[in-house]
Each structure stands twice: as C-alpha cells, then as structure tokens.
Amino acid sequence: MALDRMKLNKFKILVVEDNPSDRVLLADLLKKMNEHFEVRSVGSYIDAKAAFEGDAPDLVLLDIYLPDKTGFSFLQEIHKNTFRDIPVILVSSTSDKEDKLKGFEMGAIDFINKPIVAEDMKARVAVQLRLKKIKDDYEWAFQKTNEGIKLLYKELENKNAQLEKLNQIKDDFVNIVSHELRTPLTVIRESISQIVDGLLGDINEKQNKYLNTSLTNIDYLIRIINDLLDISKIEKGKIEIYKEKVDIIDLIEEVVFNFLPQTEKKGLQIKFDVPDQKMYILADKQRIIQVMNNLVANAYKFTQKGYIEISVIDEGSSVKCTVRDTGIGVAPKDLPRLFSKFDQIGRQSGPGMKGTGLGLVIAKEIIERHDGKIHVESVLQEGTKFIFTLPKYNILEEDYLNLIVCLGEQIKKYNSFALIGYKIFGLGQQPQESLTHLTSQIKNHLLGVSDQIVLGKNGVYIILPDTKKEHVNLTAQMICQIIEEKSQGVSLKTLKDLNFHIVNYPQDGRTADELVVKLETNK
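Throughout this document, residue positions are counted from 1 along each chain, in the order its sequence is written. Thresholds applied to this predicted model are a pLDDT of at least 70 for local features of residues and 80 or more for the giving and counting of side-chain atom pairs; totals over whole chains, interfaces and linings are not thresholded and use all residues. To get the side-chain values, take all heavy atoms of the structure and skip hydrogens and water.

Student: Give a detailed account of the confidence of the model for the protein, specifying residues and quantitative values.
Tutor: Summary of the metric used: pLDDT quantifies the predictor's per-residue confidence within the range 0 to 100. Here the protein shows a mean pLDDT of 82. Residues at 70 or above account for 88%. Throughout, a contact is declared for two residues whenever any of their heavy atoms are within 4.5 Å. Confidence over residues 347-354 falls short of pLDDT 50; this stretch has 18 contacts with residues more than four positions distant or in other chains. Every residue in residues 490-496 scores below 50 in pLDDT, and together they form 14 contacts with partners more than four places removed in sequence or on other chains.

If you want it as structure tokens, here you go:
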C-alpha cells in the first residue's frame with residue numbers, strides 16, 4: 001500500500017509534538033506543501049506508538065521531549081523492529097549538541113530547530129521525502145526484478161526438466177535401437193561373408209557383386225550405430241579413454257593396410273610418409289584408429305582421382321599427423337561447420353556421399369580427450385588436409401617397468417587406489433642401497449598389508465588401495481618425515497629436498513601407463 005501511495009506522492013506523515021501550537025503549525029505547513037499529504041498529529045509517546053499500528057507513516061517529525069517519555073525512547077522503539085527504514089526528523093528547541101549527536105546515533109536523519117522556520121522545515125521535509133521515494137522505488141523495482149527472475153528460473157527449471165526428459169527418451173531410443181540392430185546386423189553380415197567367401201557353395205559373378213554391395217551397406221549401418229552410441233556417450237561425458245604406450249607408426253600402417261583394397265579398386269594411390277624409427281604416444285589405440293579411419297574414409301569418399309597421403313612428423317614433445325587428399329575440397333564458409341554435430345557439408349553432390357555428420361565431432365572429442373588438437377585446411381578443387389597433434393609418450397620404460405607391472409596388477413585387483421611418487425636426491429654414492437633401506441623403514445613404520453611399495457631408479461612409489469584422499473595426503477606427509485629421519489645421515493634440510501606427487505586411479509588415469517605419465521609430468 002505504501003508503494004502505491006507514494007507513486008502518487010500521497011505521503012503519510014506523522015507529527016509527534018507535545019506543544020499544541022507547534023503541532024498545529026507543523027501540520028498546517030505540511031498540508032500546504034502538498035494537498036495529497038496525509039498528516040496526523042499526536043502529542044504523546046503512547047499516541048505515537050498507536051499511530052504505527054496498521055499502515056505505518058512514510059515520515060515522522062518527532063519532538064525530543066514528550067510528556068510520558070522522551071522522543072529518544074520512541075526513536076529507539078521504532079528502530080528495533082520493521083520500522084527502522086522510516087525516516088525520522090527530530091524537532092526541538094534545544095541547542096545542546098549532545099542531544100543532536102545522540103539522535104543521529106540512534107537513527108534520526110535530520111534535525112529541525114525551534115522556533116520553526118517554515119521554508120527551512122519544508123526544504124528538509126521535501127529532501128527526505130524525495131530520498132524516501134527514490135529508496136522505495138528502488139526497492140519496488142528490486143522486488144519486481146526478483147519476482148521476474150524467480151519466474152524465469154522456474155520457467156527455466158521446467159524447460160530443463162522437459163529437455164532432460166526428452167534427452168533421456170532420445171538416449172533410451174538410441175541405445176535400444178542401436179543394441180537391437182547390432183545383433184541381427186552382425187548375424188546378417190557374417191552369413192553374407194560366408195557366402196561371399198565360398199564357404200556355403202559357389203556363387204556367380206553377379207551374385208558376388210550384389211552380396212558385396214550388401215556388405216558395404218551393412219558396414220555403413222554399423223558405423224552409423226557406433227557413431228550414435230559414441231555421440232550419446234560424449235554428450236553424457238561418459239566416453240571412456242584407456243591410454244597406453246602406442247607406436248603411432250604401427251597404428252597408421254594398420255589403417256593404411258585396411259584401406260588398400262578400397263583405394264586400389266577406386267584407382268587412388270595411398271601414400272605413407274613417416275619416419276623409419278618407432279614413435280610412441282600415450283593413447284587409446286582403438287580410439288585413435290577410429291579417428292584415422294574416419295579421416296581416411298572422408299578422404300576416400302571425396303577424392304575421385306589422385307591420392308591420399310598420411311604423414312607423421314616428430315615435433316619434440318608431440319606428434320603431428322596429417323591426412324591429405326586431392327579431392328574437391330571444402331568452401332571457406334563451410335570450414336567452421338566441419339566439426340559441428342549432424343552438420344553434413346556437401347563436399348560432393350550426388351548419391352552415396354552423405355553420412356551421419358557425427359564422425360568429425362567424435363574425432364575432435366577423442367583427440368581433445370588425449371590433450372591434443374585437430375584442425376582442417378582446404379582449397380576448393382585442390383584438396384583437404386586434416387591435421388592433429390598428440391602428446392608423445394615421454395617416459396623411459398626401463399626406469400618404470402617394475403612400477404608399470406605392479407600398477408597393472410593393482411588395476412585388476414582394486415576398484416580404486418592412490419599412487420604416491422617420491423623423487424629423492426642427495427643419497428650419496430650408493431643411492432640404491434639407501435633407497436632399499438628407506439623402503440624397508442617405510443614398510444615397517446607405516447604401510448598396511450595390502451599397501452604396495454615399489455623401488456624406482458631415483459625414488460620410491462607407494463600404492464594405497466581404497467584409501468580416502470585426506471588419508472593419502474596425511475600418509476604422504478608422514479612418509480616424508482620417515483625419509484628425513486631414516487636417510488642414513490644424509491641431510492635433508494627441508495621438504496624441498498623431496499618431490500612427491502599423488503595420482504588416483506581411476507580418476508587420473510585408467511591404465512598403468514597413463515598413471516605413470518601423469519605422476520611424472522604432474523599434469
């Protein structure tokens with residue numbers, strides 16, 4: 001009610017003054033200021049308190065000295081409750097500065113001296129009412145904004161709930177259809193393959209042609225099903241990556257070998273430009289094969305003559321792979337859309353060239369999940385290059401062979417464990433003897449029956465199965481103390497002489513190789 005009233009400048013003002021003549025004077029001056037002002041005058045503390053029942057005033061002019069209590073008592077009373085925001089102007093003939101200071105400290109916002117000067121009083125009241133209106137307008141706007149935000153949030157929650165429901169229906173549909181289709185397609189493919197291979201009797205050339213066409217289309221359907229399942233996992237953040245030490249050269253040779261019959265049949269040359277030596281990456285082999293198959297299949301589909309070239313370059317800490325074709329290329333305006341879901345770029349017109357529009361999206365997700373990058377370069381009528389980089393496997397296997405073997409055993413045995421790795425420096429002329437002594441001390445003083453300790457070239461590795469994170473950190477600190485105390489006289493002045501890091505299975509890695517790399521590179 002107060003907000004609606006103030007929109008029309010219909011302010012409600014309470015005058016609390018024990019002197020009848022001053023009370024009348026103040027009321028008359030206020031009414032002359034604005035005919036819409038609703039002015040009520042009282043002469044005591046009790047009447048003033050009663051005036052706050054129901055619709056409270058918008059402004060109070062309060063005499064300091066009242067017959068039943070002081071104005072300070074009333075000021076203190078109203079500022080204890082919900083009326084603390086109502087502006088109060090003190091009115092008094094006193095010249096005592098202490099009274100004024102006391103009033104301001106208790107929440108008064110102005111002071112009018114007696115005898116009352118009309119213009120001075122009007123100016124002070126006008127200022128406070130204007131400030132009151134601005135404040136209340138702001139509060140009203142803030143309240144409405146909050147109400148609007150709440151409505152929007154509610155609407156957004158409803159929309160999100162609907163989208164989540166639809167998304168779940170979509171996922172369920174994809175999963176059911178995909179799994180229901182996979183089994184009969186596999187059976188059909190195997191049956192046709194046996195016929196084509198002559199295991200069920202001889203077939204003529206025409207039959208062989210049609211059966212091979214059927215196999216090609218079945219393989220296409222299976223790829224669609226796999227893409228749909230993969231994109232569903234990607235959207236849920238559930239695509240699983242198992243990184244291990246992989247020779248990228250062997251992997252690419254395997255991909256090239258599988259594509260040779262198709263490229264030769266089409267009259268395309270497939271080139272292979274790679275270093276002679278092995279080149280290792282930390283990767284999920286099957287997932288990187290999936291990326292390569294997708295990129296080479298793309299090049300095959302959109303290249304009618306010329307060649308497809310796969311190259312690998314050692315770039316120090318990473319490996320750069322390029323799949324290049326001499327096909328029809330991609331228009332510059334279409335390049336940003338190549339990695340968009342369900343966006344099929346028409347690199348060539350005609351039947352048989354469309355896919356799900358998911359292959360490149362999946363490839364990009366896989367590469368990025370390997371901490372790599374992928375991009376495309378293309379020129380119309382000249383060809384396209386897909387280029388991706390992957391981190392190299394930068395661990396010397398001979399230094400970590402025992403640890404990798406032990407971690408592999410722990411992965412088979414436990415659902416979770418923590419791995420703490422210590423690098424210890426300054427152990428003198430016979431570091432291995434010192435490390436052996438330290439591992440014995442650590443085992444005796446701290447580790448349980450199921451805990452494992454592995455001796456490394458320059459450090460110690462401790463595996464703690466099914467251990468909470470906070471307990472792992474505490475154990476790591478306690479082991480530091482043991483290493484300091486039991487280091488056979490070697491001075492380890494501070495913990496800076498020790499480097500230790502912690503990784504957790506399966507959060508930080510799902511394979512022994514990945515855990516070791518993360519531990520040693522601190523990534």
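More follows now that the structure is in view.
Student: Now, about the sheet that holds strand β1 (residues 12-16): what can you tell me, with residues and values included?
Tutor: Taken together, five strands build an open sheet; the order of strands is β2-β1-β3-β4-β5 and the sheet is parallel. A strand with exactly one partner marks an edge of an open sheet, and here the two such strands are β2 (38-42) and β5 (110-113). The average angle at which neighbouring strand axes cross in this sheet is 20°, direction not considered. At least two bridges found by DSSP between two strands are what make those strands a pair. Helix and strand labels come from DSSP, where a helix needs a run of H or I of at least four residues and a strand needs a run of E of at least two; each type is numbered from the N terminus. Where β1 meets strand β3 (residues 59-63), four bridges bridge the pair, whose relative direction is parallel. Bridged to V16 within β3 is L62. Here an axis means a line fitted to C-alpha atoms, over the contact stretch when the element is a helix, while the angle between two N-to-C directions is reported on a 0 to 180 degree scale. Strand contacts of helix α2 (residues 20-33): β1, β2 and β3, with the helix running at about 175° to β2, the strand carrying the most contacts. On top of the sheet, helix α4 (residues 71-78) reaches β3 and β4 (88-92); it is set at about 150° to β3, its chief contact.

Student: Could you give an account of helix α11 (residues 397-413), naming the residues involved and the relevant values?
Tutor: A helix is expected to span 1.5 Å multiplied by its residue count minus one. With 17 residues, α11 extends 23 Å between its outermost C-alpha atoms, agreeing within 8% with the 24 Å of an ideal straight helix rising 1.5 Å per residue. The bend reported for a residue corresponds to the angle between axes fitted to the seven residues ending at that residue and the seven starting there. Remark: the principal bend of α11, roughly 35°, maps to L403.

Student: Describe in detail the packing of α11 against helix α14 (residues 512-521), supporting the description with residues and values.
Tutor: One way to put it is that α11 packs onto α14 with a least axis distance of 8 Å and a crossing angle of 125°. Considering their axes alone, α11 and α14 lie oblique with respect to each other. Considering how the two elements wind past one another, α11 and α14 form a crossing that is right-handed. Two secondary-structure elements touch here, α11 through Y400, L403, I404, L407, G408 and I411 and α14 through A512, D513, L515, V516 and E520. Here the residues of the contact of α11 with α14 sort into eight nonpolar, one polar and two charged. Every angle not falling under 35 degrees, over 145, or within 65 to 115 is termed oblique; those three ranges are roughly parallel, roughly antiparallel and roughly perpendicular. Left-handed describes a crossing whose near helix is turned anticlockwise from the far helix through less than a right angle; right-handed describes the clockwise counterpart. Under the scheme applied, nonpolar residues are Ala, Val, Leu, Ile, Met, Phe, Trp, Tyr, Cys and Pro; charged residues are Asp, Glu, Lys and Arg; polar residues are all the others, including Gly.

Student: Provide a residue-level description of the nonpolar core, including the pertinent values.
Tutor: One finds I248, L251, I252, V312 and F388 to be the most contacted residues of the largest nonpolar core, which totals 45 residues. In this structure I252 touches F272, M292, I310, V312 and C321, once residues within four positions along its chain are discounted. As used in this record, nonpolar core signifies buried Ala, Val, Leu, Ile, Met, Phe, Trp, Tyr and Cys residues forming a set joined through side-chain atoms within 4.5 Å. Three exposure classes are used, based on accessible area relative to the maximum for each residue type with a 1.4 Å probe and protein chains only: buried under 20%, partly exposed in between, and exposed over 50%. The next biggest cluster of nonpolar side chains, apart from the first, holds 22 residues, and it includes I404, V454, L515 and L519.

Student: Account for the pattern of salt bridges, with residues named and values stated.
Tutor: Salt bridges are defined by distance alone: a side-chain nitrogen of Lys or Arg within 4 Å of a carboxyl oxygen of Asp or Glu. What the rule picks out here adds up to 22 salt bridges. For the salt bridge of D137 with K133, the shortest nitrogen-to-oxygen distance reads 3.0 Å. Of this pair, D137 and K133 both sit in helix α6 (residues 118-196), separated by four residues, roughly a single helical turn. The class of D137 is partly exposed, set by a relative accessible area of 30%.

Student: Just give me the short version of unusual backbone geometry, but keep the residues and values in it.
Tutor: In this model, K114 is joined to P115 through a cis peptide bond whose omega is -5°. Its location among the elements puts P115 in the loop between β5 and α6. Between Y505 and the following residue, P506, the backbone shows a cis peptide bond with an omega angle of 5°. Structurally, the position occupied by P506 is in the loop between β16 (498-505) and α14. One non-glycine residue with positive phi stands out, namely Q381, at about 70°. Assignment of secondary structure puts Q381 in the loop between β11 (373-379) and β12 (383-391).

Student: Give me the environment of Y210: which residues, what numbers.
Tutor: Assignment of secondary structure puts Y210 in helix α7 (residues 205-236). The spatial distance from the C-alpha of Y210 to the C-alpha of V196 is 9.9 Å, given a sequence separation of 14 residues.

Student: Please provide a residue-by-residue account of the packing of aromatic side chains, values included.
Tutor: The criterion for an aromatic pair is that two Phe, Tyr or Trp rings (for Trp, the six-membered ring) have centres within 6.5 Å, with stacked assigned to planes under 30 degrees apart, edge-to-face to planes over 60 apart and tilted to the rest. Scanning all chains against the criterion turns up seven aromatic pairs. Summarising the aromatic geometry, the rings of F52 and F74 are spaced 5.5 Å apart at their centres and angled 70° between planes, so their arrangement reads as edge-to-face. Taken together, the residues span a long stretch of sequence, with F52 in the loop between α3 (45-50) and β3 and F74 in helix α4 at a distance of 22 residues. By relative accessible area, which is 6% here, F52 ends up buried. Using a relative accessible area of 0% as the deciding quantity, one classes F74 as buried. A ring pair is formed by Y138 and F142, whose centres lie 6.2 Å apart and whose planes are at 20°; its orientation type is stacked. With Y138 and F142 both in helix α6 and four residues apart, this pair spans about one turn of that helix. Classification of F142 as partly exposed rests on a relative accessible area of 46%.

Student: Break down the side chain of H370 for me, with residues and values.
Tutor: Looking at the secondary structure, you find H370 in the loop between α10 (359-369) and β11. Within the local environment of H370, its side chain forms a polar contact with the backbone nitrogen of D284, the two atoms lying 2.9 Å apart. With residues near it in sequence (within four places) discarded, H370 still touches I241, K243, L282, A283, D284, R287, I288, L390 and P391. Pairs of N or O atoms are called polar contacts if they sit within 3.5 Å, as long as, within protein, a hydrogen donor faces a hydrogen acceptor (for residues adjacent in sequence, only side-chain-to-side-chain pairs).

Student: So what about the sheet that holds β11? Which residues, and what values?
Tutor: One open sheet holds the five strands; their spatial order is β7-β9-β10-β12-β11, and the pairing between them is mixed. Each end of this open sheet is capped by a strand with a single partner; those strands are β7 (269-273) and β11. Ignoring which end each strand starts from, the neighbouring axes of this sheet average 15° apart. Examined bridge by bridge, strand β9 (residues 307-314) and strand β10 (residues 318-325) share seven bridges and lie antiparallel to one another.

Student: Describe a nonpolar patch on the surface, listing the residues and the values that go with them.
Tutor: On the surface, a nonpolar cluster with roughly 270 Å² of combined accessible area is contributed by V127, L131 and I134. Mapping V127 onto the fold places it in helix α6. Patches in this entry comprise residues that are over 30% relatively accessible and not in a salt bridge; like charges within 9 Å are linked, as are nonpolar side chains (Val, Leu, Ile, Met, Phe, Trp, Tyr) within 5 Å. All accessible areas in this document rest on Shrake-Rupley with a 1.4 Å probe, and a residue is counted as covered only by the protein chains that are shown.

Student: An account of the environment of L62 is needed here, citing residue identities and associated values.
Tutor: Mapped onto the secondary structure, L62 falls in strand β3. Judged by relative accessible area, L62 falls into the buried class, the value being 0%. Spatially, the C-alpha atoms of L62 and L90 are 4.8 Å apart, while their sequence positions differ by 28 residues. In contact with L62, not counting residues within four places along its chain, are V16, G71, F74, L75, V88, I89, L90 and V91.

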